[in-house]
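Observations on the model geometry
Below, each chain spelled out in residue letters.
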Amino acid sequence: MTRAAVAGIGQTTYAKDMGRTELDLACEAIQAACEDAGLSVTAIDGLVSYHVEQVAEVDLATVLGIPDLRLMARTPSGGGGAASILGIAALAVERGVAECVVAFRARSRSKAASYGDDPNEGGRPWAKAGDRLRDSRQWHHPFGVAAPAHEFALIASRHMHVYGTRAEHFGMQAVAQRFHASRNPDAIMRNPITLDDWRASRPIADPIRLFDCSLENDGAVAVLVTSLERARDLRHPAVSVLAQVQYGAPIHTQLCEFFGTTAAFGERAGGAVSASRRLFAQAGVTPGDVDVALIVEPFTIAVPLALEQYGFCERGAGGPFIEGGATRWPDGALPVNTHGGSNGEAFIHGVNHLPEAVRQLRGTACSQVDGAELAFVCGAISDPSGAVLLGADR
Amino acid sequence: MSAAYPRPDPVAEDDLRFWANVAAGELRIQRCADCGTHRHPPRPICAACGSTAGDWVPASGRGEVWASTVIHPPTLAAFASRTPYAAVVVRLEEGVFVVGNVVDCPPDEVAVGMPVEVTITEVEPGLRLPLFRASR
Ligand SMILES: [Zn+2]
C-alpha cells in the first residue's frame, strides 16, 4: 500500500475580525500549503473539510484554478474532525483515489465576523438559533443551555464529581498553553498568564473560566497530503501518516444521549477508548512512545478527557497529570499543544493543531520538543471524532 | 423585561407529543412496548431492540442531578437577566437523562448527586417546562 505523508502546511494570519471572506482565507491557506510543499495549486486533486465548512469545493476549484478534483469529503460535526480530515486525505492517497489532497478549514469566528443568519455563517452559532426550536436544541435551549461552554461545563462537573478533578487542573492547562503561545509569533495571545490570572478571569459556566475557552477569531489552515514517496522529493522533510481512527460517539450538543451512553468518559465500546487501542495497534507503538500531543480543546477540560481516554494516563488521572507538569514544554513528559492551542494560538476549529504537529516532526516548532519523532493529534473528544499518529521520516 | 423564552416548535410527531404532555402538566417518556426500555429525547425506534412499538408512560419525576453548572454571561437573550443561573442534567429513575433547571434553590447550592423531583412550571404565559426542585 502507498503510504501517505504531509508535504505542506499553510495558514493565514490569525486575528479577530479580519474583514475577509472565508473563501478568501481558505484560498490563502491552501496556496500557502502548496508553496510550502513546492507544488502548484493545480496539483491538488482532493479537498477534505468539516461538514460545517462554508467554503464550497466548487468555489475553490474555480477561484484557485484546480482543474481535476477527484476526491471531496467532509467529516461530521465540528472540531471532532480536526484529525479526521487529515486521516481521510491520507486514505484517499493510500488508496490511489487522489494524489495530492488538501485538508482545510476557514473560519470567521469573531462576533463581529458574522456574515449571515445561518448558525454556521460566522460568529457564535448558538446566538443565532432563534426562538422557535425544531431540532435537538429544543432539549437544551429552554433551560438556558445553549453555548458549547455550558455543555462542556456540565461534562466537566461530572468528571469532577466522579474523579475528584479540580477546576484548577483545567486552569493549569490553560496556563501551560498560554506559556506556549507566548513563544509563538503567530499566536493571538502573546502574554503568558499565571494561575492567579486564570482564577481572576471571569466565570463563563462553572467550572469553566474565560481563560479556559477557545478564542473567537478568524483565519484558515490547510495541510497538503501526498504519497510518502513523492513527499520525499519535495521542499521539507516528509511527515508520515502512521495511523488513524475515527469513532462515532454522541456529541456534547445532545447531552441526554451523551450522558445516556456514558461516552463522556469513554466507558463504552465505540468511543475514544476503543479507538485508541486501534490507533496505537495500527502503528505498532504505545501512548508512552508519543513525543508531543496536539489535543483539540474547545475548552481546557477536553485535554484531561483526551489524555485519559487515549491512554496517556489512567482514567480520572488527567487532572493530576496536568498538575505534575507533564503537558508543559519543555520539561513535561508529554508536551500538549505546544503552539498555544485554542486558547492561546487561535481557534481554527482545531485544525491549527495539524501544522504544529508537522512543525514538531520537521524540527521547526517555536517550542520544539527535542528529537520529536512521533506526534499524536486528536479532534475534540466530545464529538464524533478521531485521531492520527504522525511520524518523522527518518 | 426579558426576551421571550426560546420555544420548542418541533415538527416531529414524537417531539410534539412530549411537549403536548408537558403543556397538559405531565412528564411522560417513551417506553418500548417490546423490551421495556425507556428512551428520551423522543424518537420512533427503540435502539435497544429495534422495535417501533412504544407507549408514553408517566415518569416518576424523581431523579438525581448528574451534572450541574452555574451559567454566567454571555448567554441566550432570554436568560441574560437571570444570570447567574443553574442548569443541570438529571438522571431520572427510569434511566433516561433530561436537561433542566432547579427552582427554589440558590444556584450555588445545586450540586451533583442531589435528589430532585420534577415540577411542571409555567415560565411565561403559554409555556410550561419540566423543571426540578430538591426532593422533600
Ligand atoms: Zn425495545
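Residues numbered from 1 in each chain as written. Chains lettered and ligands numbered in written order. Predicted model: local features only at pLDDT ≥ 70, side-chain atom pairs only at ≥ 80, totals over all residues. Heavy atoms only, no water.

Some details on the coordination of the zinc ion
Residues and elements named next belong to chain B. The zinc ion binds to the protein through Cys32 (SG), Cys35 (SG), Cys46 (SG) and Cys49 (SG), with metal-donor distances spanning 2.3 to 2.4 Å. If you look at the zinc ion, its 4 donor atoms make angles of 101 to 116° with each other, and the shape they trace is tetrahedral. Sequence positions of the residues that donate to the zinc ion give the spacing C-x2-C-x10-C-x2-C. Placement of the pair is Cys32 in strand β2 (residues 28–32) and Cys46 in the loop between β3 (38–39) and β4 (54–58), with a sequence separation of 14 residues. Comparing Cys32 with Cys46 shows no difference in burial state: the two are buried. (Donors = N, O, S within 2.8 Å, 3.2 Å for Na, K, Ca; no water. Tetrahedral: all angles 85-135°; square planar, octahedral: opposite > 155°, others 65-115°. Helix = DSSP H or I, 4+ residues; strand = E, 2+ residues; numbered from the N terminus. Buried < 20%, exposed > 50% of the residue type's maximum accessible area, 1.4 Å probe, protein only.)

Looking at the interface of chain A and chain B
With 32 residues of chain A at the interface, the matching set in chain B holds 39 residues. Contact between chain A and chain B buries roughly 3200 Å² in total, counting both sides, with carbon and sulfur atoms accounting for 63%. By the criterion of area lost to chain B, the three top residues of chain A are Trp139, Phe143 and Cys256 of chain A, representing 22% of everything that side buries. Here chain A and chain B share 3 salt bridges between them. (Contact = heavy atoms within 4.5 Å. Buried area = accessible area lost by both parts, 1.4 Å probe. Salt bridge = Lys/Arg side-chain N within 4 Å of Asp/Glu carboxyl O.)

Observations concerning helix α5 (residues 167–182) of chain A
Its 16 residues place the ends of α5 of chain A 23 Å apart at the C-alpha level, agreeing with the 22 Å of an ideal helix rising 1.5 Å per residue. Along α5 of chain A, 14 of the 16 residues are buried, which leaves the element largely enclosed by surrounding structure. (Expected span 1.5 Å × (residues − 1).)

So, the packing of helix α1 (residues 22–37) of chain A against helix α2 (residues 57–64) of chain A
Residue and element names in this part refer to chain A. One can describe the packing of α1 onto α2 by two numbers: an axis separation of 11 Å at closest approach and a directional angle of 65°. The two elements α1 and α2 meet at a crossing, and its hand is right-handed. The residues of α2 that touch α1, namely those facing Leu23, Ala26, Cys27, Ile30 and Gln31, are Asp59, Leu60, Val63 and Leu64. (Axes fitted to C-alpha atoms, helices over the stretch in contact; angles between N-to-C directions. Left-handed = near helix turned anticlockwise from the far one by under 90°.)

What to know about the sheet that holds β3 of chain B
All names here are of chain B. Spatial ordering of the open sheet is given by β3-β2-β4, a layout of 3 strands whose pairing is antiparallel. Only two strands of the sheet have a single neighbouring strand rather than two, namely β3 and β4. Where β2 and β4 come together, 5 bridges link them in antiparallel fashion. The residue of β4 that forms the bridge with Arg31 is Asp55. Set on the sheet, helix α1 (residues 13–23) makes contact with β2 and β4; between it and β4 the angle comes to about 20°. (Pairing = 2+ DSSP bridges.)

A look at the side chain of Thr226 of chain A
Residues and elements named next belong to chain A. For Thr226, the position within the fold is in strand β8 (residues 218–227). The class of Thr226 is buried, set by a relative accessible area of 1%. A polar contact is formed between the side chain of Thr226 and the backbone oxygen of Glu99, at a distance of 2.6 Å. Those residues in contact with Thr226 that sit more than four places away from it in its chain are Arg3, Ala4, Ala5, Ala7, Val93, Glu99, Ala231 and Leu234. (Polar contact = N/O pair within 3.5 Å; in protein donor to acceptor, adjacent residues only side chain to side chain.)

Comments concerning the environment of Val239 of chain A
All names here are of chain A. Examined against the element boundaries, Val239 turns out to sit in strand β9 (residues 239–247). Overall, the relative accessible area of 0% leaves Val239 in the buried class. If near-sequence neighbours (up to four positions away) are discounted, Val239 is found in contact with Ala4, Ala5, Val6, Val358, Leu361, Arg362, Leu390 and Gly391.

Things to note about the domain arrangement of chain B
One frequent convention defines the size of an interface as the accessible area lost when the parts assemble. All names here are of chain B. Looking at chain B, the domain boundaries give domain 1 (10–58) and domain 2 (60–136). The C-alpha centroid of domain 2 is placed 21 Å from the C-alpha centroid of domain 1. Facing the 13 residues of domain 1 at the interface are 11 residues of domain 2. Carbon and sulfur atoms supply 76% of the area buried between domain 1 and domain 2, which totals about 920 Å² over both sides. (Domains from an automatic or database assignment.)

Here we look at the nonpolar core
Phe259, Ile295, Leu307, Tyr310, Phe376 and Leu389 of chain A together with Val89 of chain B are the most contacted members of the largest nonpolar core, which totals 94 residues. Sort the elements by how many residues they give to this core and strand β6 (residues 85–92) of chain B lands first, with 7 residues. Domain assignment of the residues forming this core places at least three in each of domain 1 (10–58) and domain 2 (60–136) of chain B. Once you skip the residues sitting within four places of it in the chain, Tyr310 of chain A turns out to touch Tyr247, Ala272, Ser276, Phe280, Pro287, Phe376, Cys378, Ile381, Gly386 and Ala387 of chain A. In terms of nonpolar packing, the next biggest core, distinct from the first, is built from 45 residues, Ala98, Val241, Leu361 and Ala380 of chain A among them. (Core = buried A, V, L, I, M, F, W, Y, C linked by side-chain atoms within 4.5 Å.)

Side note on helix α13 (residues 353–362) of chain A
Residues and elements named next belong to chain A. Most of α13 is tucked away: 10 of the 10 residues are buried. Of all the positions in α13, only His353, Leu354, Pro355, Glu356, Ala357, Val358, Arg359, Gln360, Leu361 and Arg362 are classed as buried. Gly363 occupies a position one or two residues after α13 and carries a positive phi of about 85°.

Some details on unusual backbone geometry
Note that the residue after His40 of chain B, namely Pro41 of chain B, is joined by a cis bond; omega there is -5°. Examined against the element boundaries, Pro41 of chain B turns out to sit in the loop between β3 and β4. Going from Thr83 of chain B to Pro84 of chain B, the amide bond is cis rather than trans, its omega being -10°. On the secondary structure map, Pro84 of chain B appears in the loop between β5 (62–71) and β6. Phi at Asp17 of chain A is positive, roughly 50°, even though this residue is not glycine. Mapped onto the elements, Asp17 of chain A comes out in the loop between β1 (4–11) and α1. Within the chain, Ser77 of chain A stands out as a residue other than glycine whose phi angle is a positive 55°.

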